Amino acid sequence: MIYVNESNKEFHLENKGASYILNVMKNGQLGHLYYGKKIKHRDSFSHFFYQPEVGVGIIAHHEDDPGFSLEYFKQEYPSYGTTDFRKPAFEIEDIDGSRVSDFKYKSHKVYKGKNKLSGLPSTYVNSEDEAETLEIILEDEILETRVYLSYTVYNNRDIMTRNTKFENFGNKTLKLNRAMSLSLDLPDYNYEMIHLSGAWARERFVKNRKLEIGSQYIDSTRGASSAHQNPFVILKRPETTENMGEAMGFALVYSGNFLAHIEVDHFDSTRVTMGINPFDFSWNLKAGEEFQTPEVVMVYTDKGLNSMSQSFHNIFRERLVRGEWQYKERPILVNNWEATYFDFNEEKILEMASKAKDLGFELFVLDDGWFGKRNDDKTSLGDWFPNLEKLPNGIKGLGEKIVENGMKFGLWFEPEMISKESEIYTKHPEWLIGVKNRKLSLGRNQYILDLSKKEVRNYIIDILSERFSEAPISYVKWDMNRNMTEITYRDLPHKYILGLYEVLETITQKYPHILFESCASGGGRFDAGMLHYMPQVWTSDNTDAVVRLSIQHGTSYAYPLISMGAHVSDIPNHQTARKTSLELRNRVAYFGNFGYELNVLEFDSEVEKQVVEYLKFYKENRKLIQFGDFYRIDNPFYGNTATWIVVNKEKTEALVGHFQILAQPNPGYNNKIILKGLDPEKKYKVNEKYEAYGDELMNMGIVFSQPDRYFSKNSETQDFKSRLFKITEVR
Ligand code: DGJ
């Protein structure tokens with residue numbers, strides 16, 4: 001619901017649980033009044049407009065109003081250059097070099113539903129009644145530019161989205177040096193900032209810090225959202241837990257360089273800005289042109305972090321992901337990468353696929369190395385035609401045989417990249433990104449195609465279409481394995497992402513039956529932008545079950561289980577050399593989009609039997625896991641265990657995973673799990689062993705036994721010990 005108090009130009013936006021209130025200030029610019037728990041609407045919120053006493057000291061105020069200094073006020077979309085010294089939301093450079101602006105309220109409109117963003121991914125509505133949008137237009141007469149601020153509130157969700165558009169309606173070319181999607185001023189700084197940070201093979205580890213006076217930020221300057229920082233940030237109250245308390249989450253629907261900046265000023269107030277990273281960004285806004293920022297999806301809750309995460313999971317699953325695969329249970333895949341690396345041929349692949357079929361796998365994925373002259377990672381990217389020495393019948397022949405044998409067939413591509421040793425580079429050396437007359441940096445021996453060029457985008461679309469049309473491909477792993485360097489122009493990183501989105505939009509619309517999985521050396525581009533085109537992501541190259549507890553736990557703060565590729569791999573693990581049981585590896589991978597990544601031909605008959613059972617279990621629980629509500633119970637970043645539960649929407653069944661990292665002597669009362677999300681009134685069966693009501697399970701919990709000492713040489717180690725509980729309603 002959106003209320004507009006016309007007389008005092010106040011706007012009150014309500015979603016399921018939150019209110020967001022802004023107004024037009026007396027200087028004509030927009031002020032911010034409130035974002036928090038939903039409050040009753042009233043005719044005026046002018047008493048929310050708090051003006052502190054103007055203190056002595058060095059401040060700036062307007063010539064004609066000594067009391068009016070913007071640094072005292074909460075603002076909606078603050079500008080650079082007058083009386084506010086905090087980080088502005090935007091900066092426009094005039095032809096004379098001036099960067100001062102004065103955007104005043106001009107008009108607004110409220111409409112049902114939500115518009116698409118031009119050229120960019122965004123959340124959407126299926127019916128106009130799901131959401132309402134407020135668009136406010138601001139105008140600067142001297143710059144002859146308008147700013148359109150759009151706010152969408154979903155009626156039955158804790159979700160609000162924001163984006164900004166700039167329109168140059170004058171005759172001169174302006175320079176947009178900063179164009180954030182969101183700016184939000186909060187009246188205090190009693191928050192902790194949670195962000196998901198890491199690197200290759202340890203993506204999205206949970207980091208938590210108390211806000212301090214000054215700036216704290218996360219960003220990416222790598223041309224992709226990155227494994228190092230994720231375009232997602234949470235502000236929570238210190239007392240907030242997984243299950244209670246205030247939290248706000250901000251997710252940027254964007255896959256390139258981003259900035260999430262939190263500034264605490266000298267009045268202890270907090271400003272959150274989020275959007276395209278102004279570092280390496282500048283955009284010529286020519287006469288008559290528009291610039292659209294990416295969308296930010298925001299959640300406010302007073303019900304704790306699990307509730308916040310579930311709001312993101314639901315909107316991402318239901319109103320960000322699109323296409324035929326959106327609500328389909330995802331196939332259990334087996335991928336040959338760690339089984340063979342580049343060393344395979346048709347015979348070997350068919351043998352693996354046939355065994356995989358017998359074990360119960362549903363999709364065989366042929367990874368890197370099937371094209372050009374690719375026998376290591378030094379050549380052939382861009383030459384997307386089959387290597388006939390390895391695959392004499394081509395991709396078509398191989399794919400058809402796998403499909404005839406009753407499995408789906410999937411293929412790996414890295415379409416954004418080019419190797420110098422390739423046919424395509426010989427023909428088009430000018431297609432790669434780089435500065436002329438300078439040496440170029442390599443990343444995994446490869447270069448990046450300049451996707452800002454139309455002919456490059458067309459080449460990618462055409463060559464992929466050739467492969468997709470000739471062979472029965474029903475899954476594509478879309479990889480991207482290096483960061484951007486030698487960036488020629490400041491607008492290139494954003495133009496690249498716009499080009500990428502254009503290619504992805506074309507290809508995914510053209511081949512709607514293909515299930516796309518995005519990948520960037522594992523989870524180097526796991527963001528809401530990619531999810532709009534590709535409904536699942538390879539979470540990390542690190543498949544070690546113990547590290548995966550942290551990676552999947554961190555990823556779940558924003559992204560749903562169905563989006564997280566989670567595979568069982570061989571031991572010793574290829575990333576950590578750790579040996580863990582097959583049971584643990586399966587159980588950790590269950591809490592994600594399940595698959596295997598090893599040589600199925602190496603199983604002995606005993607292991608084969610176990611694998612058949614593991615796959616059967618996932619299939620039986622797949623709908624629950626992929627579409628249920630996920631709760632974090634224990635956090636592996638703060639203790640020795642990770643405990644997770646996923647409950648179906650009807651609350652008739654649930655799956656609990658309890659993972660103990662190292663054995664603890666004398667565990668005392670630590671042998672219990674307090675469940676979440678069940679119906680307190682319903683009676684459930686626990687592992688077909690005993691019955692208990694939901695209220696018991698969510699208060700007394702499940703109690704299990706655990707040795708406190710080990711007397712025998714044959715004692716089972718409690719290191720890396722996992723427990724799985726299936727909870728089913730008794731009717
Ligand atoms: C990086 C990916 O993350 C891996 O899974 C694999 O596909 C390799 N690239 C192949 O080169």
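Residues numbered from 1 in each chain as written. Predicted model: local features only at pLDDT ≥ 70, side-chain atom pairs only at ≥ 80, totals over all residues. Heavy atoms only, no water.

### Description of the overall build of the protein
Within the protein one finds 12 helices and 38 strands. Here the C-alpha atoms of the protein give a radius of gyration of 27 Å, agreeing with the 27 Å that 2.2 N^0.38 yields for 731 residues. C-alpha atoms of the protein, sized along the principal axes, occupy 85 × 70 × 45 Å. Among the 731 residues that make up the protein, the fraction classed as buried is 62%. Excluding contacts between residues fewer than 6 apart, the proportion of contacts in the protein whose partners are at least 24 apart in sequence is 69%. (Helix = DSSP H or I, 4+ residues; strand = E, 2+ residues; numbered from the N terminus. Rg over C-alpha atoms; globule rule 2.2 N^0.38 Å. Buried < 20%, exposed > 50% of the residue type's maximum accessible area, 1.4 Å probe, protein only. Contact = heavy atoms within 4.5 Å.)

### Considerations on the side chain of His532
By the secondary structure assignment, His532 is in the loop between α8 (528–531) and β28 (536–538). Only 2.8 Å separates the side chain of His532 from the backbone oxygen of Leu320, close enough to count as a polar contact. Among residues more than four places away in sequence, those in contact with His532 are Pro121, Ser122, Tyr124, Leu320 and Arg322. (Polar contact = N/O pair within 3.5 Å; in protein donor to acceptor, adjacent residues only side chain to side chain.)

### A closer look at the packing of aromatic side chains
One pass over the full model with this rule turns up 45 aromatic pairs. Clustering of aromatic rings is evident, with ring pairs tying together Trp370, Phe371, Trp384, Trp412, Phe413, Phe468, Tyr511 and Phe516. Here the basic side chain of Lys165 rests over the ring of Tyr148, its NZ or CZ set 4.4 Å away from the ring centre. Note that Arg548 overlies the ring of Trp538, its terminal NZ or CZ placed 4.9 Å from the centroid. (Phe/Tyr/Trp six-rings, centres within 6.5 Å; stacked < 30°, edge-to-face > 60°. Lys NZ or Arg CZ within 6 Å of the ring centre and 35° of its normal.)

### Details of the site of the ligand
Around the ligand sit 13 residues, and of these Asp367, Asp368, Lys477, Asp479 and Asp541 come closest. In this structure, Arg444 approaches the ligand through a side-chain N or O atom, which is 2.8 Å from an oxygen atom. One of the side-chain N or O atoms of Trp538 is found 3.4 Å from an oxygen atom in the ligand. When isolated, the ligand has an accessible area of 290 Å², and the protein chains bury 98% of it. (Near = heavy atom within 4 Å. Areas by Shrake-Rupley, 256 points an atom, 1.4 Å probe, with all protein chains shown as cover.)

### Comments concerning the domain arrangement of the protein
Looking at the protein, the domain boundaries give domain 1 (2–46 + 75–319) and domain 2 (641–729). The C-alpha-based centres of domain 1 and domain 2 are spaced at 40 Å. (Domains from an automatic or database assignment.)

### Considering the pattern of salt bridges
On inspection of all chains with the given rule, the structure shows 52 salt bridges. In this structure, Arg525 and Glu416 form a salt bridge, with 2.7 Å as the shortest nitrogen-oxygen distance. Of this pair, Arg525 sits in the loop between β27 (515–518) and α8 while Glu416 is found in the loop between β23 (408–413) and β24 (417–418), placing the two residues 109 residues apart along the sequence. In this pair, the class of Arg525 matches that of Glu416, namely buried. Among the ionic contacts, a cluster of salt bridges with common partners joins Asp84, Arg86, Asp185, Asp265 and Arg271. (Salt bridge = Lys/Arg side-chain N within 4 Å of Asp/Glu carboxyl O.)

### Topic: the sheet that holds strand β33 (residues 653–660)
The strand order across the open sheet formed by 6 strands is β31-β32-β33-β38-β35-β36, and the pairing between neighbours is antiparallel. Both outer strands of the open sheet, β31 (629–634) and β36 (690–693), are each paired with one neighbouring strand and no more. Averaged over neighbouring strand pairs, the angle between their axes works out to 25 degrees when direction is ignored. Relative to β36, strand β35 (residues 683–686) runs antiparallel, the two sharing 4 bridges. When the bridges of β36 are listed, Val686 appears paired with Tyr690. Docked against the sheet, helix α10 (residues 582–590) engages β32 (641–647), β33 and β38 (721–729), running at close to 50 degrees with respect to β38. (Pairing = 2+ DSSP bridges. Axes fitted to C-alpha atoms, helices over the stretch in contact; angles between N-to-C directions.)

### Observations concerning the packing of helix α3 (residues 346–359) against helix α4 (residues 394–404)
Their axes nearest at 10 Å, the elements α3 and α4 cross at an angle of 20 degrees. Relative to α4, α3 is oriented roughly parallel. α3 and α4 meet at a crossing whose hand is right-handed. In this structure, α3 uses Glu346, Ile349, Leu350 and Ala353 to contact α4, whose residues at the interface are Leu398, Lys401 and Ile402. (Parallel < 35°, antiparallel > 145°, perpendicular 65-115°, else oblique. Left-handed = near helix turned anticlockwise from the far one by under 90°.)

### Overview of helix α7 (residues 492–510)
Its 19 residues give α7 an end-to-end C-alpha distance of 27 Å, which sits within 8% of 27 Å, the value for a rise of 1.5 Å per residue. Along α7, the residues classified as buried are Leu492, Pro493, His494, Tyr496, Ile497, Gly499, Leu500, Tyr501, Val503, Leu504, Ile507 and Thr508. (Expected span 1.5 Å × (residues − 1).)

### Digging into the sheet that holds β23
Strand order in the closed barrel formed by 8 strands is β21-β22-β23-β26-β27-β28-β29-β30, with parallel pairing between adjacent strands. The mean inter-strand angle of the sheet, taken between neighbouring strand axes irrespective of direction, is 30 degrees. Strand direction decides the pairing type here: β23 and strand β26 (residues 475–478), joined by 4 bridges, are parallel. Opposite Trp412, over in β26, you have Lys477 as the bridge partner.

### Details of the pairing of β27
Burial along β27 is two-sided: Leu515 and Glu517 and Phe516 and Ser518, pointing in opposite directions, are all buried. Taken together, the 4 bridges between β26 and β27 define a ladder with parallel strand orientation. Paired with Trp478 across the two strands is Ser518, which belongs to β27. A crossover connection joins β26 to the parallel β27 through α7; in handedness this β-α-β unit is right-handed. Bridge analysis of β27 against β28 gives 2 bridges, and the strand direction is parallel. Each residue of the ladder has a partner; that of Ser518, found in β28, is Val537. (Right-handed = clockwise from strand over helix to strand, strands pointing away.)

### A few points about α4
All of the buried residues along α4 are Gly394, Ile395, Gly397, Leu398, Gly399 and Ile402. Here the buried face of α4 lies against α3, β22 (363–366), β23 and α6 (454–470). A positive phi of about 95 degrees marks Gly406, the residue just after α4.

### Some remarks on the environment of Leu235
Mapping Leu235 onto the fold places it in strand β14 (residues 229–236). In this structure Leu235 comes out as buried when scored by relative accessible area, which is 0%. Setting aside its immediate chain neighbours within four residues, Leu235 contacts Leu186, Tyr191, Glu192, Met193, Leu211, Glu246, Ala247, Met248, Phe250, Ile262, Thr270 and Val272.

### Things to note about unusual backbone geometry
Of the consecutive residues Ile571 and Pro572, the connecting peptide bond is found in the cis state with omega at -10 degrees. Along the chain, the position of Pro572 falls in the loop between β29 (564–569) and α10. In this model, Asn437 sits at a positive phi of 65 degrees, which is unusual for a non-glycine residue. Relative to the helices and strands, Asn437 is located in the loop between α5 (423–427) and β25 (447–448). Take Asn437: its relative accessible area is 82%, and that puts it in the exposed class. One non-glycine residue with positive phi stands out, namely Glu688, at about 60 degrees. Locating Glu688 in the fold gives a position in the loop between β35 and β36.

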